[in-house]
There are 2 protein chains.
Amino acid sequence: MSVNDLTGKVGEWLRGIGPMADIVISSRIRLARNLANFPFLCRASEDERREIFRTLTEAFSSAKLDHNTYLLDMEELDEIDRQVLVERHLISKQHADGEGCRGVAVSASETRALMINEEDHLRMQVLRSGLQLEPLWEEISDIDNQIEAQTSFAFDEKLGYLTACPTNVGTGLRVSVMLHLPALKMTGEIEKVLRAAKDLRLAVRGLYGEGTDAIGDFYQISNQITLGHSEEEIIEKFSENIIPRIVEYERAARNALADERSMQLDDKVWRAYGILENARTMASDETLFFLSHVRMGVSMGRLQGIDVGTINELFLRIQPAHLQKMHGHALNGEERSVARAKYLRSRLGHQN
Amino acid sequence: MSVNDLTGKVGEWLRGIGPMADIVISSRIRLARNLANFPFLCRASEDERREIFRTLTEAFSSAKLDHNTYLLDMEELDEIDRQVLVERHLISKQHADGEGCRGVAVSASETRALMINEEDHLRMQVLRSGLQLEPLWEEISDIDNQIEAQTSFAFDEKLGYLTACPTNVGTGLRVSVMLHLPALKMTGEIEKVLRAAKDLRLAVRGLYGEGTDAIGDFYQISNQITLGHSEEEIIEKFSENIIPRIVEYERAARNALADERSMQLDDKVWRAYGILENARTMASDETLFFLSHVRMGVSMGRLQGIDVGTINELFLRIQPAHLQKMHGHALNGEERSVARAKYLRSRLGHQN
């Protein structure tokens with residue numbers, strides 16, 4: 001499998017089919033692990049990085065994983081291909097921009113991605129559409145056990161799993177849920193929600209994780225603390241409490257808009273649609289902004305004839321690397337804006 | 001004829017058929033006259049106003065005018081009907097909002113309007129699509145002569161025709177040309193044109209004359225001085241020099257946009273179109289703004305399937321009084337915005 005095989009389709013997590021998929025784009029769990037007999041990467045030589053890479057890829061092959069994964073060697077990929085993986089949420093931006101021997105093993109459905117030599121020796125990620133943390137936890141626990149059976153992870157009886165950054169020590173767990181909260185943004189209540197999340201010591205980030213803004217009304221909520229809490233506790237808190245409550249707030253805000261400001265709501269949705277299907281040049285951020293309004297309109301049944309899965313797909317395909325992949329060569333910013341507008345027109349069906 | 005008969009159709013001047021109609025919306029000439037044996041209106045009693053009204057309407061009837069005109073008594077019209085006449089450029093805002101005995105005689109084609117008891121006893125106006133000042137001057141001279149043959153105008157051998165405001169003394173002539181200059185606005189050159197117009201002692205106003213802004217990139221250029229210049233001199237200067245030069249500037253700006261910034265140009269035109277055919281609520285000013293861009297796109301052949309006449313008609317019909325007339329009752333601002341968006345959708349053909 002190559003990056004070209006990926007770009008022809010859309011990962012499972014973008015299909016908009018899981019529980020609460022009108023508001024919960026995707027759920028993600030990742031575990032950070034390091035091999036017991038190697039230094040952390042900040043202190044590892046290039047030879048040691050290669051040995052870690054070899055050890056882990058062999059462990060993947062020997063492990064009884066229920067899905068095949070395909071290894072992508074980051075040093076063999078060009079910049080656009082690496083960026084495609086970032087846009088598909090299969091690797092981090094740091095991993096794409098990094099140096100030295102590193103890679104990722106990806107399943108065909110894109111529900112799992114095992115990064116080698118990112119910040120830690122191994123970062124395992126599972127990803128699904130909608131709110132599905134419990135099945136994801138079962139899945140990643142199994143992957144973790146299967147790989148650990150083949151090799152030895154750095155583990156301390158008192159501290160738990162050891163990681164390059166102290167914030168990950170313990171379980172090495174990060175639970176992230178990507179939410180689409182346009183109505184809370186429109187009603188101005190989003191600030192309250194973000195303050196409450198902060199009080200619960202949750203991190204709130206944008207579409208591409210750490211250091212990115214919440215463009216297009218997408219918010220990624222994740223835990224910050226990994227030490228002193230069991231994995232099950234964290235996951236239960238997210239699944240049973242935190243996320244359903246935010247979803248409830250967003251639904252209440254949508255209902256309030258539909259009841260009290262339906263004309264303004266429809267106006268926002270339809271203007272966004274009108275611009276997307278007619279513009280001749282579109283920057284990335286404004287596209288996310290307008291797609292966000294259209295997505296809300298589709299989810300609320302106020303704009304028919306398109307499904308949420310299609311809109312989710314557009315979110316993916318209008319991004320810089322995907323556009324360039326589609327065109328088969330590199331495009332500068334202006335060319336991308338023109339290509340983006342053209343693609344949107346072709347997908348949204350207006351024949352201009 | 002009543003105001004209801006007017007609103008079903010569009011005046012000749014909006015058909016977009018005259019010379020240079022891509023840029024010159026309309027040409028207008030008006031003459032200010034006062035009856036010799038009556039005081040100016042600021043000093044006239046209500047009885048004298050009635051007598052002026054009677055004298056002039058009788059003169060209209062007896063005069064050999066080549067088009068029939070129909071008299072509308074302003075005191076018998078409600079506020080919406082008076083506003084309809086303003087929106088159709090048949091009377092001034094002052095005339096609509098004024099008090100006391102006053103009226104207007106309008107021809108069925110709406111190419112002429114004779115206001116009684118506005119600022120002067122009589123204000124005669126002729127109006128046509130495109131740049132047509134010479135035929136308009138012939139037409140209004142004939143009307144002037146025919147009416148003067150029936151009554152006596154206040155005239156001074158040295159000063160010429162006497163008028164209520166000193167700026168109109170002499171010929172009582174105002175020549176106005178309405179221009180659509182979106183490209184000069186886009187390229188930023190409009191300021192230079194406006195400064196040059198000011199240096200020539202021309203007045204530049206918006207869509208509804210004195211005291212209105214240039215919304216929708218419409219500029220009304222008119223003479224300010226009536227004393228010491230012959231009518232023919234003023235008209236020739238407008239027809240042969242001032243207006244063709246501004247039209248040339250606008251055409252050059254349009255060509256430059258098409259050559260150097262065609263993508264940005266099309267983007268502006270098509271986004272405006274997309275919003276107009278999809279919005280659910282539209283304020284009046286933003287509608288003029290977007291229609292202006294669409295009009296430019298249609299004139300430049302960049303947006304097909306609509307003609308300039310249709311766009312000109314939309315400019316008329318989206319206005320407050322016309323919308324209310326169409327609905328058969330008064331609408332508040334919010335209701336008008338919703339009705340305006342609905343009407344635009346119905347005319348621009350998208351089936352949402």
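These numbers come from a predicted model, not from an experiment. (Residues numbered from 1 in each chain as written. Chains lettered and ligands numbered in written order. Predicted model: local features only at pLDDT ≥ 70, side-chain atom pairs only at ≥ 80, totals over all residues. Heavy atoms only, no water.)

## Here's the deal with the sheet that holds strand β3 (residues 103-107) of chain B
Residues and elements named next belong to chain B. In space, the 8 strands of this open sheet follow the order β2-β3-β4-β5-β1-β8-β10-β9, with antiparallel pairing throughout. Either end of the sheet is taken by a strand with one partner, and the two such strands are β2 (69-73) and β9 (202-205). With direction set aside, neighbouring strand axes in the sheet form an average angle of 20°. Sheet topology places strand β4 (residues 112-116) next to strand β5 (residues 122-129); 5 bridges connect them, and they run antiparallel. Paired with I116 across the bridge in β5 is L122. Strand contacts of helix α5 (residues 133-148): β1 (24-33), β4, β5 and β8 (173-180), with the helix running at about 150° to β5, the strand carrying the most contacts. (Pairing = 2+ DSSP bridges. Helix = DSSP H or I, 4+ residues; strand = E, 2+ residues; numbered from the N terminus. Axes fitted to C-alpha atoms, helices over the stretch in contact; angles between N-to-C directions. Contact = heavy atoms within 4.5 Å.)

## With respect to the packing of aromatic side chains
Within the structure shown, the criterion is met by 10 aromatic pairs over all chains. When the centroid spacing of 4.8 Å and the interplanar angle of 90° are considered together, the rings of F218 of chain A and F315 of chain A count as edge-to-face. One end of the pair, F218 of chain A, is in strand β10 (residues 218-223); the other, F315 of chain A, is in helix α11 (residues 308-317), with 97 residues separating them in the sequence. Accessibility expressed as a relative area gives 7% for F315 of chain A, which makes it buried. Here F155 of chain B and Y161 of chain B contribute two aromatic rings whose centre-to-centre distance is 4.8 Å and whose plane-to-plane angle is 70°, an arrangement assigned as edge-to-face. Members of the aromatic cluster, joined through ring pairs, are F153, F155 and Y161 of chain A. Here R33 of chain A stacks its cationic end above the ring of Y161 of chain A, 3.5 Å away from the centre of that ring. (Phe/Tyr/Trp six-rings, centres within 6.5 Å; stacked < 30°, edge-to-face > 60°. Buried < 20%, exposed > 50% of the residue type's maximum accessible area, 1.4 Å probe, protein only. Lys NZ or Arg CZ within 6 Å of the ring centre and 35° of its normal.)

## Focus: the domain arrangement of chain A
Residue and element names in this part refer to chain A. Considered domain by domain, chain A is made up of domain 1 (3-253) and domain 2 (262-348). Its C-alpha centre places domain 1 at a distance of 26 Å from the equivalent point of domain 2. Across the boundary between the two partners, domain 1 contributes 29 residues, which contact 23 residues of domain 2. At the junction of domain 1 and domain 2, the tally comes to 1 salt bridge. Linking K325 and D81 is a salt bridge whose minimum nitrogen-to-oxygen distance equals 2.4 Å. Elements supplying a minimum of two residues to the side of domain 1 that touches domain 2: α1 (3-7), α3 (79-87) and α6 (182-187). The dominant element in the side of domain 1 that touches domain 2, judged by the number of residues it contributes, is α3, at 5 residues. Along the lines of polarity and charge, the residues of the side of domain 1 that touches domain 2 split into 15 nonpolar, 7 polar and 7 charged. (Domains from an automatic or database assignment. Salt bridge = Lys/Arg side-chain N within 4 Å of Asp/Glu carboxyl O. Nonpolar A, V, L, I, M, F, W, Y, C, P; charged D, E, K, R; others polar.)

## Thoughts on the packing of helix α10 (residues 284-299) of chain A against α11 of chain A
All names here are of chain A. Remark: α10 packs on α11, axes separated minimally by 9 Å, with the N-to-C direction vectors making an angle of 170°. As far as their axial angle goes, α11 and α10 are roughly antiparallel. Contact residues: L288, L291, S292, V294, R295, V298 and S299 in α10; V308, I311, N312, L314 and F315 in α11. Considering only residue class, the contact of α10 with α11 consists of 8 nonpolar, 3 polar and 1 charged. (Parallel < 35°, antiparallel > 145°, perpendicular 65-115°, else oblique.)

## A closer look at the relation of the copies chain B and chain A
Each copy superposes on the other: chain B lies on chain A with an RMSD of 0.0 Å after a rotation of 180° and an axial shift of 0.0 Å. Expressed as a symmetry operation, the mapping of one chain copy onto the other fits a two-fold axis. Nearest to the rotation axis, the C-alpha of G274 of chain B is located 2.1 Å from it, this being the minimum over chain B. Of all interface residues in chain B, 100% are interface residues in chain A too; the two copies therefore contact each other through one and the same surface. (Least-squares fit on C-alpha atoms with pLDDT ≥ 70 in both.)

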